[in-house]
Amino acid sequence: MVLFGQSAGALFKTYTESKSFLERQQYSQALSGFESLTKPSKSNIYIEFAHYFAAYAAYKNNDPAKARTLLENLLQNYPNCPQKQDALYLLGEVLFQTNQHLLGLSYLEKITDEKIKQQAEAMKGNYLQKLSQNTLKTILQDRPQDIFVAQLLVDKMAVEAQTWEDIQAMEQTIAKYNVQRPNKQRIKQKINVKEGTYNVAVILPLNLEGLKNNEKTTLSRMAVDLYQGMRLAKKELEKKNIKVDTYVYDLGKSEEGKLVEIIASGEMDKMDLIIGPVFENQWAIVSDYAAKQQINIVQPLTDDDKFLKNEYAFLMRSSIDTQAEMAARFALQNFPQKEVAIYYDNIPKNQRFAEIYRNYCQKMGLKVSKFQEVNAAQVQDIPDMLKGLNKAELGHLVFSTGSALLVKEFLQAKGQLNLNVPLMGTQAWLNFEDNEFDTRAYEKEQVYFVYPNLQILEDEGATNLSEEVQTVAGLAKEYETLTRKKPTAESFSGFEMLTFFVDLLQKYGVKNTFQTFLKTTTPQKGIVVAGFDYSLGNDNHYVPIMRIEEGQLKLLNKLKK
């Protein structure tokens, strides 16, 4: 169509005819008419609309180059035109069609109209999800702030994963861009799944020479009981056709040189799992070695998270920080959302517990009305310390201590002042000698116990045992048959430890950090240990909370079978 004049009537006629062509999807004729209206003239009031409609017609007529030129001219020469938001959207789609994704994204992010912005997000997803992982990674290198693209990449990595390395790469991307973990993922095969026997190094201060001469220390007794529990676990695993060879290294506190020699010999290169050592200097040597060799390593006896030096290092127990945070989470979910008063003694780990508890409460918006140290010399001052609390605003109390003297005085003062609120205490309180008094006082004063090392010794806790054993009681009897001794807490811990981590080797293979996979798991019951949760970190984040009800100790946050 050709304009023969520049009169308002002629321009109007061309505009309406071109719109009619567009509505009838006669894009070639519409393009010709609208394009003639893009030439400036005194009476041409349609120039901005003509640019947009001409670009749309060119886009529909499979001429993206012309559409891009028209849209860029419109946005450059008429930046405040009424069609700006639609033009940005259309230009973004045109650029996507011509595989110029970065430029297209730069135009789409300029859209401010909420409705069009939503449409743009949907259109981005439609085009970008068809791209390869490598292309999405290239886009992210230039646009690291684009969470939308990062999420698409992670979703694609999940459904296209072929190996466990692919899943590890996905987890690293999730952590780097702080995006959501996909609900679905596909793995065609597990790599590094070992056939045959699992090799486990056990590095403990057993003091076997000393034991021959009846020279026992508390630490060596605990170490021996741990290992005996592992022996029983081996026996149980063999009944399921899971073979485990344990390689025992009896190392005392100052034998780092011997440990370096063992590692240098290459003897430990064949290990699939390392348990121990328990001493910090030795742990530093072995955990660094384990990370380089991609061997998971478990610290069996400590609750100190300074042992978590790399992603391959795990604590069997809950760290002090985890205990405090999980206890605070429980309190905020179950106690009145009022102020909390926190007291602690001068023992470093108890102080640390109090600090983390306070920090989490403050983070969640709960006011900490009191944060005070109490030592044995101040025992007579405890009633005065509690008198200043506002009963109307107080939601619960915390006392991080292992002192029977301080606890007894604290409970008496709490009762005398009628502070009728829950009190968060520790596992140590249940081990005081004056249990009869404590039990009654604990129930009356609403004491809740943070009990990280809980073991379930009733039959209901026994799962996944062989038919010959079936129950925890049967397990204990089997232990006595094997060792000629009654099991201790460490015996059951050693049994559970080897069973749990060998199960992870079976599920996820060797030479893979377990944490990559455990992030997606939910808490699970143990066989004897009350539960495991490694989804939030490399120490056990399932922290049992207990209370005495009608004279009986009750687990309040019990896991389902």
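Small disclaimer: the values here were computed from a predicted structure and weren't measured.

Engineer: I'd like to hear about the overall build of the protein, residue by residue, with values.
Structural biologist: The helix and strand tally for the protein stands at 22 helices and 12 strands. In terms of overall size, the protein is more extended than a compact globule, its C-alpha atoms giving a radius of gyration of 34 Å where 561 residues would be expected to give roughly 24 Å. The principal-axis extent of the C-alpha atoms belonging to the protein is close to 115 × 65 × 45 Å. Residue burial in the protein is summarised as follows: out of 561 residues, 52% are buried. Across the protein, the fraction of contacts at a sequence separation of at least 24, relative to all contacts at a separation of at least 6, is 65%. When the accessible surface of the protein is split by element, carbon and sulfur atoms take 46% of a total near 27,100 Å².

Engineer: Can you lay out the side chain of aspartate 345 for me, pointing to particular residues and giving the numbers?
Structural biologist: Checked against the element boundaries, aspartate 345 lands in the loop between strand E6 (339–344) and helix H16 (348–363). For aspartate 345, which is buried and forms no salt bridge, the nearest opposite charge comes from lysine 349, at a distance of 9.4 Å. One polar contact links the side chain of aspartate 345 to the main-chain amide nitrogen of isoleucine 347, over a distance of 3.0 Å. A polar contact of 2.7 Å, which involves the side chain of aspartate 345, links it to the side chain of threonine 401.

Engineer: Hey, could you go over the sheet that holds strand E7 (residues 368–373) for me, with residue numbers and the actual values?
Structural biologist: Pairing is mixed in the open sheet, where seven strands are placed in the order E7-E6-E8-E9-E10-E11-E12. Whereas interior strands pair on both sides, the edge strands pair on one side only; in this sheet they are E7 and strand E12 (552–555). Across the sheet, the mean angle separating the axes of adjacent strands is 25° when strand polarity is ignored. Bridging between E6 and strand E8 (residues 394–400) involves six bridges; their strand directions are parallel. Each bridged residue has a counterpart across the sheet, and for valine 340 the counterpart in E8 is histidine 396. Contacting E6, E8, strand E9 (423–426) and strand E10 (447–450), helix H18 (residues 404–416) runs over the sheet at an angle of about 165° to E8.

Engineer: Describe the nonpolar core, with residues and values.
Structural biologist: One finds Phe34, Leu128, Phe501 and Phe514 to be the most contacted residues of the largest nonpolar core, which totals 103 residues. In terms of residue count, the dominant contributor to this core is helix H21 (residues 489–508) (10 residues). Filtering out sequence-adjacent residues up to four positions away, leucine 128 remains in contact with Phe96, His101, Leu105, Leu136, Ile139, Val149 and Leu152. If you look at the next biggest cluster of nonpolar residues, it comprises 36 residues, including Leu397, Phe399, Tyr442 and Tyr542.

Engineer: Before we move on, could you go through the environment of tyrosine 52 and cite the residues and values that matter?
Structural biologist: Counting through the fold element by element, tyrosine 52 comes out in helix H3 (residues 47–60). On the basis of relative accessible area, tyrosine 52 is assigned to the buried category, the value being 14%. On a C-alpha basis, the gap between tyrosine 52 and aspartate 86 in space is 8.4 Å, while along the polypeptide they are 34 residues apart. Each residue touching tyrosine 52, except ones within four places of it in the same chain, is listed here: Leu71, Leu74, Gln83, Asp86, Ala87 and Leu90.

Engineer: Explain helix H6 (residues 101–108) to me, using residue names and the numbers behind them.
Structural biologist: Turning to H6, its buried residues are His101, Gly104, Leu105, Tyr107 and Leu108. Along H6, the residues classed as buried sweep out an arc of 160° about the axis, all on the same side. Here the buried face of H6 lies against helix H4 (64–77), helix H5 (84–97), helix H7 (114–128), helix H8 (133–142) and helix H9 (147–160).

Engineer: Talk me through unusual backbone geometry; I want residue IDs and the actual numbers.
Structural biologist: A cis geometry characterises the amide bond from glycine 276 onward to proline 277, with omega recorded as 0°. At asparagine 99, a position not held by glycine, the phi torsion is positive, near 60°. Along the chain, asparagine 99 falls in the loop between H5 and H6. The phi dihedral of arginine 484 is positive, around 65°, even though this residue is not glycine. Structurally, the position occupied by arginine 484 is in the loop between helix H20 (472–483) and H21.

Engineer: Quick rundown of the sheet that holds strand E2 (residues 243–250)? Include the residues and the values.
Structural biologist: If you trace the five strands from one edge of the open sheet to the other, you get E2-E1-E3-E4-E5, paired in parallel fashion. Each end of this open sheet is capped by a strand with a single partner; those strands are E2 and strand E5 (313–315). Neighbour to neighbour, the strand axes of the sheet diverge by 20° on average, direction disregarded. Looking at chain direction, strand E4 (residues 296–299) and E5 are connected through three bridges and run parallel. Counted as the bridge partner of isoleucine 297 is alanine 313 from E5. Its contacts with the sheet put helix H14 (residues 280–293) on strand E1 (197–204), strand E3 (273–275), E4 and E5, and the angle it makes with E4 is roughly 155°.

Engineer: Lay out the packing of aromatic side chains in plain terms, naming residues and giving numbers.
Structural biologist: For any two aromatic rings, the description comes down to two numbers: the centre-to-centre distance and the angle of the planes. Under the counting rule described, the total for this entry stands at 27 aromatic pairs. For the pair tyrosine 56 and tyrosine 59, a centre-to-centre distance of 6.4 Å together with 45° between the ring planes defines the contact as tilted. Of the two residues, tyrosine 56 and tyrosine 59 both sit in helix H3, three residues apart, roughly one turn of that helix. According to the relative accessible area criterion, tyrosine 56 is partly exposed, its value standing at 26%. The buried category is assigned to tyrosine 59, whose relative accessible area is 14%. Seen in terms of ring centroids, phenylalanine 532 and tyrosine 534 are 6.5 Å apart; in terms of plane orientation they differ by 20°. Their pairing is stacked. For the pair phenylalanine 532 and tyrosine 534, a shared accessibility class is recorded, and that class is buried. The lysine or arginine in question, arginine 358, covers the ring of phenylalanine 371, its NZ or CZ lying 4.1 Å from the ring centre.

Engineer: Describe the environment of lysine 235, naming the residues involved and giving the relevant values.
Structural biologist: Mapped onto the elements of the fold, lysine 235 is located in helix H12 (residues 218–238). In this structure the C-alpha to C-alpha distance between lysine 235 and serine 28, which are 207 residues apart in sequence, comes to 81 Å. Within the local environment of lysine 235, its side chain forms a polar contact with the side chain of glutamate 478, the two groups lying 3.1 Å apart.

Engineer: Summarise the pattern of salt bridges; cite the residues concerned and give the values.
Structural biologist: This model, assessed by the stated rule, comprises 22 salt bridges. For arginine 68, the salt bridge goes to glutamate 72, with nearest N and O atoms at 2.8 Å. Of the two residues, arginine 68 and glutamate 72 are both situated in helix H4; the distance of four residues between them amounts to about one turn of the helix. Two residues, aspartate 503 and lysine 507, come together in a salt bridge whose shortest N-O distance is 3.4 Å. One end of the pair is aspartate 503 and the other is lysine 507, both in helix H21 and four residues apart, which spans about a single turn. Among the residues examined, aspartate 503 registers a relative accessible area of 30% and is labelled partly exposed. A single network of salt bridges, built from pairs that share partners, joins Lys235, Glu236, Lys239 and Glu478.

What counts, and where the lines are drawn
Residues numbered from 1 in each chain as written. Predicted model: local features only at pLDDT ≥ 70, side-chain atom pairs only at ≥ 80, totals over all residues. Heavy atoms only, no water. Helix = DSSP H or I, 4+ residues; strand = E, 2+ residues; numbered from the N terminus. Rg over C-alpha atoms; globule rule 2.2 N^0.38 Å. Buried < 20%, exposed > 50% of the residue type's maximum accessible area, 1.4 Å probe, protein only. Contact = heavy atoms within 4.5 Å. Areas by Shrake-Rupley, 256 points an atom, 1.4 Å probe, with all protein chains shown as cover. Lys, Arg positive; Asp, Glu negative; His and termini not counted. Salt bridge = Lys/Arg side-chain N within 4 Å of Asp/Glu carboxyl O. Polar contact = N/O pair within 3.5 Å; in protein donor to acceptor, adjacent residues only side chain to side chain. Pairing = 2+ DSSP bridges. Axes fitted to C-alpha atoms, helices over the stretch in contact; angles between N-to-C directions. Core = buried A, V, L, I, M, F, W, Y, C linked by side-chain atoms within 4.5 Å. Arc of directions from axis to C-beta. Phe/Tyr/Trp six-rings, centres within 6.5 Å; stacked < 30°, edge-to-face > 60°. Lys NZ or Arg CZ within 6 Å of the ring centre and 35° of its normal.

Shape is all these values report; function is a separate question.
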